[in-house]
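A structural walkthrough
Each chain is listed here by its residues.
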Amino acid sequence: MKIGFDAKRAIQNNTGLGNYSRYVIEILSKYYPDNSYILFAPKQKENSRLNTILSRTNISFVFPDGIAKIFSPLWRILGIKKDIRKQNLAIYHGLSNELPVGIKKTGVKSVVTIHDLIFLRYPEYYKPIDRFIYKLKFKAACQQADKIIAVSECTKRDIVSFFHIPEEKITVVYQGCHPDFSIKVSEEKKSEIISKYSLPLRFILFVGSIEARKNLLLTVKALKGISEDIHLVAIGKSTPYQSVVEQYAEKSGIKSRLHILNNVPFEDLPALYQSAAIFVYPSFFEGFGIPVIEALSSEIPVIAATGSCLEEAGGPGSIYVDPNDTAELSERIMEIVNNQELTNNMIESGKEYVQRFSEDAISAEIMNIFNNLKE
């Protein structure tokens, strides 16, 4: 089979949609090497995260040429159809919520992955123009696609509810994380990373954009109710919300216990996860929650928030709290810290649960969708 992918995010983004795009391309080309995988992208860009993809002989790229190069954003939406026809694809997969306008006219079967509809559930977190564009693109993609992949049952319910798409058109395929998180990091490497970022020996970890929806402030507030020797390390892209968090920490006298790290390279993340005592992810709403999978793979206990899909990501062995309840979060942190048996049970349960997000399982589910469309 010749399978095409919208690879814009795979090339240009180093988090979120970029990670998902690279992950899908990598696992399919690894477990189904007899297929050809054609990556369509509006422009080339140097990115070390593409090294695995670039090393695969069954992967090739298509970029706009001629005048289309000048109007590359439009090419991805409209002009790409000519290149899709030329490649004689069996399937075209929009990996990041979008499909080219009028893709049905190419005669190629299409799949789109929808990650979340948070912009409709929590419009206050988005600019009106962004909400308008996202709704237009996401809804059109769902209507045009022959099959929709939702990254969680929560996202599937939202697609049905907001866009009135029939349930049978949607298949839930969970996301996995990079295999590096499952590889044991040496004590020497962990010490090196702790020293590099001047971190304490005991800390809670948060990984995700430092934005209001991710609700880091709840964990900062919870610091006041836990042992003073336990710090909080937050890793993620900075937004204006970061200053809100930092100002609260300063006014509350806990600034020295908060360590916010921006622009942390990927290769340092496994050691940081595996050095943490607990992973806390109190987000108000997520499409899935890959950091939770990374934490389970790193064999640390997870506390996440109720109210979206995080129970799907964390499984029955993790703990879930109300994202507005500071006291509950403090209590749960101390419960884990003071109970080694509970900690061990959570780690073992997480190791077992996270197997459902393995590369071979996820690649098989996606390939099954492609094969069913081809028939």
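It should be noted that the structure appears before, not after, this text.
Below is a short write-up of the structure. (Residues numbered from 1 in each chain as written. Predicted model: local features only at pLDDT ≥ 70, side-chain atom pairs only at ≥ 80, totals over all residues. Heavy atoms only, no water.)

**A word on the sheet that holds strand S2 (residues 36–40)**
- Judged by pairing direction, the sheet is parallel, and its seven strands sit side by side in the order S3-S2-S1-S4-S5-S6-S7 without closing on themselves. Strand pairing shows two members of the sheet lacking a second neighbour, strand S3 (59–62) and strand S7 (170–172), which therefore form its edges. On average, each strand axis in the sheet is inclined to that of its neighbour by 25°, with strand direction left out of account.
- Strands in contact with helix H4 (residues 72–86) are strand S1 (2–6), S2, S3 and strand S4 (91–94); relative to S2, the strand with the most contacts, it is inclined by about 145°. (Pairing = 2+ DSSP bridges. Helix = DSSP H or I, 4+ residues; strand = E, 2+ residues; numbered from the N terminus. Axes fitted to C-alpha atoms, helices over the stretch in contact; angles between N-to-C directions. Contact = heavy atoms within 4.5 Å.)

**What to know about unusual backbone geometry**
- One non-glycine residue with positive phi stands out, namely Asn 97, at about 75°.
- With respect to the element layout, Asn 97 can be found in the loop between S4 and strand S5 (109–114).
- A relative accessible area of 5% places Asn 97 in the buried class.
- Backbone geometry at His 164 places phi at a positive 55°, although glycine is not the residue there.
- Residue placement: His 164 occurs in the loop between helix H7 (153–163) and S7.
- Accessibility expressed as a relative area gives 65% for His 164, which makes it exposed. (Buried < 20%, exposed > 50% of the residue type's maximum accessible area, 1.4 Å probe, protein only.)

**Here we look at the environment of Val 354**
- Locating Val 354 in the fold gives a position in the loop between helix H15 (340–353) and helix H16 (359–374).
- Distance from Val 354 to Gly 314, taken between C-alpha atoms, is 8.1 Å for residues 40 residues apart in sequence.
- Each residue touching Val 354, except ones within four places of it in the same chain, is listed here: Ile 293, Leu 296 and Ser 297.

**Focus on the sheet that holds strand S11 (residues 278–281)**
- Ordered by their spatial adjacency, six strands build an open sheet running S10-S9-S8-S11-S12-S13, and the pairing between neighbours is parallel. Sheet topology places strand S10 (258–261) and strand S13 (319–321) at the edges, where each strand pairs with a single neighbour. The sheet shows a mean angle of 25° between the axes of neighbouring strands, direction not considered.
- Sheet analysis places strand S9 (residues 231–235) next to S10, joined by four bridges and oriented parallel. Within S10, the residue paired with Val 233 across the bridge is His 259.

**Describing the pattern of salt bridges**
- All chains considered together, the criterion is met by 15 salt bridges.
- For Arg 76, the salt bridge goes to Asp 6, with nearest N and O atoms at 2.8 Å. A residue pair is termed long-range when its members are at least 10 positions apart, and Arg 76 in helix H4 and Asp 6 in strand S1 qualify at 70 residues.
- Taken together, the salt bridges that share partners define one network made up of Asp 6, Arg 76, Glu 98 and Lys 137. (Salt bridge = Lys/Arg side-chain N within 4 Å of Asp/Glu carboxyl O.)

**As for helix H12 (residues 290–297)**
- Counting buried positions over the eight residues of H12 gives eight, a clear majority of the element.
- Regarding H12, the residues found buried are Ile 290, Pro 291, Val 292, Ile 293, Glu 294, Ala 295, Leu 296 and Ser 297.
- Looking at the buried positions of H12, the neighbouring elements they touch are strand S8 (203–207), helix H11 (269–275), S11, strand S12 (302–305), helix H13 (310–314) and H15.

**A closer look at the pairing of strand S6 (residues 147–150)**
- Here S6 shows a buried face lined by Lys 147 and Ile 149 and a second buried face lined by Ile 148 and Ala 150.
- Note that S5 and S6 share four bridges and pair parallel. Bridge pairing in S6 links Val 111 to Lys 147.
- Taken together, the three bridges between S6 and S7 define a ladder with parallel strand orientation. Bridged to Ile 149 within S7 is Thr 171.
- Since S6 and S7 lie parallel, the crossover through H7 that links them has a hand, and here it is right-handed. (Right-handed = clockwise from strand over helix to strand, strands pointing away.)

**Observations concerning the nonpolar core**
- With 100 residues, the main nonpolar core has Phe 5, Phe 279 and Phe 370 as its most contacted residues.
- Grouped together as the second largest cluster of nonpolar side chains are 26 residues, Ile 38, Leu 89, Val 108 and Ala 145 included. (Core = buried A, V, L, I, M, F, W, Y, C linked by side-chain atoms within 4.5 Å.)

**Observations concerning the side chain of Ser 363**
- Secondary-structure assignment places Ser 363 in helix H16.
- A polar contact is formed between the side chain of Ser 363 and the backbone oxygen of Glu 359, at a distance of 2.9 Å.
- When sequence neighbours within four positions are dropped, the list of residues in contact with Ser 363 reads Ile 27, Leu 28, Tyr 31 and Tyr 32. (Polar contact = N/O pair within 3.5 Å; in protein donor to acceptor, adjacent residues only side chain to side chain.)

**Concerning the environment of Ile 53**
- Structurally, the position occupied by Ile 53 is in helix H3 (residues 51–55).
- Residues contacting Ile 53, with those up to four places away along its chain left out, are Arg 22, Ile 25, Glu 26, Leu 39, Ile 59 and Phe 61.

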